[in-house]
Amino acid sequence: MTDSKKENKILLAHGGGGRLTSHLIEKTILPAFSNDTLDKLTDAASLDLTSASVCMTTDSYVVKPLFFNGGDIGKLAVCGTVNDLAVAGATPVALSLSLIIEEGFDIDTLEKILASAGATAKQAGIDIVTGDTKVVEKGAADGLFINTAGLGTRHENADIDFDRVTKTDKIIINGTLGDHGMTIISQREGIKFDSPLQSDCAVLSGLIADVLNSGANVKFMRDPTRGGVAAVLNEIAAASGFTIELDEPSLPIDETVRAAADMLGFDLLDIANEGKVVFVVDEKDAGKVVDICKNHELGKKAAIIGEVLDKEESPVVELKTKIGGRRIVQMPYGRDLPRIC
Amino acid sequence: MDQACETLGRQINIMEVCGTHTVSIFRNGIRPTLPRSLKLLSGPGCPVCVTDQGYIDIMLEIADRDDCIIATYGDMIRVPGKDGSLEKRAKSNVKLVLSSEDAIKLAEENPDKTVVFVAVGFETTTPATAVAIKDAAEKNLDNFCILSGHKLVIPAMDALLSEKNHKIDAFLCPGHVSVIIGTDAYKPIVETYKRPCVVAGFEPMQVIEGIAEICRQLTNDAPEVISMYPAAVTATGNTTAWQIINTFFQPYDGYWRGLGKIPGGTLRLKEEYAKFDAMKRFGFNEIPAEDLTGCRCGEVLCGLIDPADCGMFETKCTPDSPVGPCMVSSEGACSAWYKYGRRRKRRT
Ligand code: SF4
C-alpha cells in the first residue's frame, strides 16, 4: 500500500538515469508521445527534412496554475513552440520536450499533462522526437517546468521580415484579445464569472498555412503572447521605423474578458494570448486574409485592427479611441498587476 | 468648452482628483479632443502612488521578518522606499490579495504567522479595511494586523488649493468616492476657494460631460458642487460606511509622497484597536519623513511647472525606477510626459 502510494509520486531517483528513470520513460512518457523516431530512444533523433531552409526555436513554460480553463502546461508547451515556428513562416516538423519536475510531483497529474501535450502535437501533425527528464529537490522548482524546442522548414511563400513593412500595410488579428492572460489571472486570483473565461491556447500552424498558401502578401507575423498585442506592435514599430495606428472600435474583444480586465484594471492590449497571430499584410490582400481566417475555426472573429502610417525617427503605436481621442500604446512593463483603483 | 476658453481668454486648468479618472482620460485619449487652452492636471493620482517612502520602508522592514506574511494589493509592490520595493526584494512571504477579506483568510490559514495587511486606499477601500478589523476582533484573530496608509481626498484638495501659486481652476471629482463621502464634503472647497467641484463617472463620455459642466460654471462664474455620476450620490454620502470608518480610524497629519504632511489627510487606527496596528505591534513609533529631495511633484500637480522642469526627470526618475508619485503611477503626469515627450519631438 505504502509502496504503490510512493510510486505515484516523482522521486529524485526518477531523474537519476537508473531503473526508475527507464520505468518513467516507458510507462509515462512514451505512451503519451509514441512515434517511430522517439520510440527508438536514441541519444539524438535523426530526421530527413524536405528542405534545406530550416527554422528553429525554443521556449520554456512555467505557467501557474498548471491546469487552466482551455488548456494546461502540456498543451501550452506544444502550442507555444509550434506557433513560434509558424509565425516565422515555417512548417513545423519536429519538437523536443524536456521536463524539470519537482520531487514529490504527482505521477497521475504528470500523465495527464503529457497526454495533453501528445494530443496537441498529434493534432498539429508534428512529432515529439526527443526529450529529457530531470528531477530537482523539493522547493527547487514549482511543480513542473517544461521546455520545448521546435524545428521547421520554411514555407515557400514565406518572406517574413520587419524590413518589408511599409506605409498603408494593414494590421490583422485572428480573434479576440487577452483571453489567455485574463483566464490565468482570474484563476490565480480566484475570481469567478458567470460565463467562465477560457484560454485561447491553440496550434496556429494550420491557419497560418492557409494564409500563406493563398499567396497573400504577408510581410510580418508574430504571436502576441507575453506583453500582448501592445508588445508585438511596439516591436514592429521600433524595428521597421513606421508608426502604427490601431482603431479601438475594431479590436475584437470578448465581453466577459473585458469585464474581467476592467475589474482588475488591465488593458487588454497588454495581455497575453496563446492562440492569436498578428499579421502585417499588404493593403490589397488584407480583405482576403481576413476572409481566410474567418473560414478557419481559429479565426472566426478575425479583423483588420489597424494600419501602418509614416516612417518616422521615433515611431510609436497609437490608438484611435472610441470617442475619437488618441493615445500612445506603450511597451508593457513586463508584469501584470491588478490595481486597486 | 470652446466658449469657456474664449470667455475667460486664458488657460483653464482642471484637476482630476482621482487615479481612476486619470486612467480613463489616458486610456480613452481624451486630452487631444479638448480645446488647446483647456488643460487637465492629473491630481495626486491613486492612493497607491501617494504612499510615502517612510511607510514603504516600514513595510519592507516588516517584510524582512520570517514570522510575517505581507498581504498587499498588487500595484503596491512597485512603489519604492529608500532602497527598493517589495517587487525588487522578491520575498516569498509577500502575497497579493484583491481585498481585505482575502487578507483575513490568509491569517486564518496561517495561524503560526502574523499577517500584515498593507491597508492603502481612499474612502472607497477604507470601509472594507474597517470591516476586516471588526471581523478580526470578533473572531479573536490575534495574528492579523494592518499597516494603515489610508488617505482622505478632501484634505488633499484643501492642501493643494492653499498652496500660494496654484493654478487649479476646478476639480473633477470621483464618482465612487463621492458615493461614500457625499456632495456636502466638497462644500468647504467651493465656499472657501470658489472652485467648481463636479462629480463625474469614469466612462469617457461622462468625463467629457463633467468637464463641460465645469466649463459652464467657470463661464458663468458660478462655482458649485454638482453630481453627474449616474449612481446615487447623496448630500451626506454613505453614513454606514462613514460610521464604520469613524469607529476604527482617526485622521492625523500624515505624509503623502512628494507632497509632505497633509493636515488630517491620513487615517490611523484608534487607540482601542492598537493590537491590530502593525506600527504598534512591531514597535514603530512614527512613520519617518521621506527624503525625495529634488522631486517637484507638488509643483507639477499644481500646474506650476512641467515635469521636464524637474532636475530628476528622465535622469534619476524614470517609469522603471520612479521617485515621486507622478512617476510611480503609470498614468501620472511625469510618467505620461516621459512617454509623450517622444511624440512631441516627432511632431515638431
Ligand atoms: S520627474 Fe520624478 S522626481 Fe521629478 S517631479 Fe516628477 S515624479 Fe517627482
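The model shown is predicted, which means the values in this text are computed figures rather than measured ones.

Definitions and cut-offs
Residues numbered from 1 in each chain as written. Chains lettered and ligands numbered in written order. Predicted model: local features only at pLDDT ≥ 70, side-chain atom pairs only at ≥ 80, totals over all residues. Heavy atoms only, no water. Helix = DSSP H or I, 4+ residues; strand = E, 2+ residues; numbered from the N terminus. Rg over C-alpha atoms; globule rule 2.2 N^0.38 Å. Buried < 20%, exposed > 50% of the residue type's maximum accessible area, 1.4 Å probe, protein only. Contact = heavy atoms within 4.5 Å. Areas by Shrake-Rupley, 256 points an atom, 1.4 Å probe, with all protein chains shown as cover. Domains from an automatic or database assignment. Buried area = accessible area lost by both parts, 1.4 Å probe. Salt bridge = Lys/Arg side-chain N within 4 Å of Asp/Glu carboxyl O. Polar contact = N/O pair within 3.5 Å; in protein donor to acceptor, adjacent residues only side chain to side chain. Phe/Tyr/Trp six-rings, centres within 6.5 Å; stacked < 30°, edge-to-face > 60°. pLDDT = per-residue confidence, 0-100. Expected span 1.5 Å × (residues − 1). Pairing = 2+ DSSP bridges. Axes fitted to C-alpha atoms, helices over the stretch in contact; angles between N-to-C directions.

Helix and strand counts for chain A come out as 10 helices and 13 strands. Here the C-alpha radius of gyration of chain A, 21 Å, is about what a compact globule of 341 residues would show, namely 20 Å. Within chain A, buried positions represent 53% of all 341 residues. The contacts in chain A between residues at least 6 apart in sequence include a share of 86% that link residues at least 24 apart. Element-wise, carbon and sulfur atoms account for 48% of the exposed surface of chain A, whose accessible area totals about 15,000 Å².

Another point: the domain arrangement of chain B. Residue and element names in this part refer to chain B. Split by domain assignment, chain B resolves into domain 1 (1-296) and domain 2 (297-347). For domain 1 versus domain 2, the distance between C-alpha centres works out to 20 Å. At the interface, 28 residues of domain 1 touch 25 residues of domain 2. Summing both partners gives a buried area of about 2,200 Å² for domain 1 against domain 2, and 65% of it is carried by carbon and sulfur. Three residues stand out in domain 1 for area buried against domain 2, namely Phe26, Cys49 and Arg296, and they jointly supply 33% of the buried area on that side. Counting every contact that joins domain 1 to domain 2 gives 2 salt bridges. Between Lys39 and Asp306 there is a salt bridge, with its nearest N and O atoms 3.6 Å apart. Inspection of the domain 1/domain 2 interface yields 4 residue pairs in polar contact (both at pLDDT 80 or more).

Residues and elements named next belong to chain B. Inspection of every chain in the model, using the stated rule, returns 6 aromatic pairs over all chains. Note on Phe313 and Tyr338: the rings are 6.2 Å apart at their centroids and 75 degrees apart in plane angle, and the pair reads as edge-to-face. A residue pair is termed long-range when its members are at least 10 positions apart, and Phe313 in the loop between α13 (297-301) and α14 (325-328) and Tyr338 in helix α15 (residues 333-347) qualify at 25 residues.

Quick look at the environment of A:Leu85 now. Residues and elements named next belong to chain A. Inspection of the secondary structure puts Leu85 in helix α4 (residues 73-87). By relative accessible area, which is 2% here, Leu85 ends up buried. Those residues in contact with Leu85 that sit more than four places away from it in its chain are Cys55, Met56, Thr57, Ala90, Pro92, Gly150, Leu151 and Gly152.

Confidence along chain A averages 91 in pLDDT terms, with 95% of residues attaining 70 or more. This stretch, residues 1-6 of chain A, has a pLDDT under 50; its non-local contacts, to residues over four places away or in other chains, come to 1 contact.

It is worth spelling out the domain arrangement of chain A at this point. All names here are of chain A. Domain annotation for chain A reports domain 1 (3-154) and domain 2 (162-328). Taking only C-alpha atoms, the centre of domain 1 and the centre of domain 2 are 29 Å apart. With 20 residues of domain 1 at the contact, the number on the domain 2 side is 21 residues. Buried surface at the junction of domain 1 and domain 2, both sides included, amounts to about 1,600 Å², of which 63% is carbon and sulfur. On the domain 1 side of the contact with domain 2, Asn69, Asn83 and Val87 bury the most area, a combined 36% of that side's loss. The interface formed by domain 1 and domain 2 holds 0 salt bridges in total.

Before going further, it helps to spend a moment on unusual backbone geometry. Residue A:Lys64 is joined to A:Pro65 through a cis peptide bond whose omega torsion reads -5 degrees. In this structure, A:Pro65 sits in the loop between β1 (54-61) and β2 (67-68). Even without being a glycine, B:Glu314 presents a positive backbone phi close to 70 degrees. Positionally, B:Glu314 belongs in the loop between α13 and α14.

Residue and element names in this part refer to chain A. Across its 13 residues, helix α8 (residues 228-240) extends 19 Å between first and last C-alpha, which sits within 8% of the 18 Å expected from 1.5 Å per residue. For α8, the buried fraction is high: 10 of the 13 residues fall into the buried class. Taken residue by residue, α8 has Gly228, Val229, Ala230, Ala231, Val232, Leu233, Asn234, Ile236, Ala237 and Ser240 as its buried positions. In this structure, the buried side of α8 is in contact with β7 (170-173), β8 (218-222), β9 (242-247), β10 (278-281), β11 (303-311) and β12 (317-320). Directly beyond the C-terminal end of α8, a positive phi value near 85 degrees is found at Gly241.

What follows deals with the sheet that holds β10(A). Residues and elements named next belong to chain A. The strand order β8-β10-β7-β11-β9-β12-β13 describes an open sheet built from 7 strands, whose pairing is mixed. The open sheet has two free edges, formed respectively by β8 and β13 (326-328), since each of these has just one partner strand. Going from strand to strand, the sheet's axes swing by 25 degrees on average, the running direction of each strand aside. With 4 bridges joining them, β8 and β10 adopt antiparallel strand pairing. From the neighbouring strand, Met221 faces β10, where its bridge partner is Phe279. Seen against the sheet, α8 touches β7, β8, β9, β10, β11 and β12 and runs at an angle of roughly 150 degrees to β9.

We now examine the sheet that holds strand β5 (residues 114-119) of chain B. Residues and elements named next belong to chain B. With respect to topology, 4 strands assemble into an open sheet ordered β4-β3-β5-β6, the strand pairing being parallel. Unpaired on one side and paired on the other, β4 (94-96) and β6 (144-148) mark the two borders of the sheet. Strand-to-strand twist of the sheet, defined as the mean angle between neighbouring strand axes without regard to direction, takes the value 30 degrees. Seen against the sheet, helix α5 (residues 100-109) touches β3 (68-72), β4, β5 and β6 and runs at an angle of roughly 170 degrees to β5.

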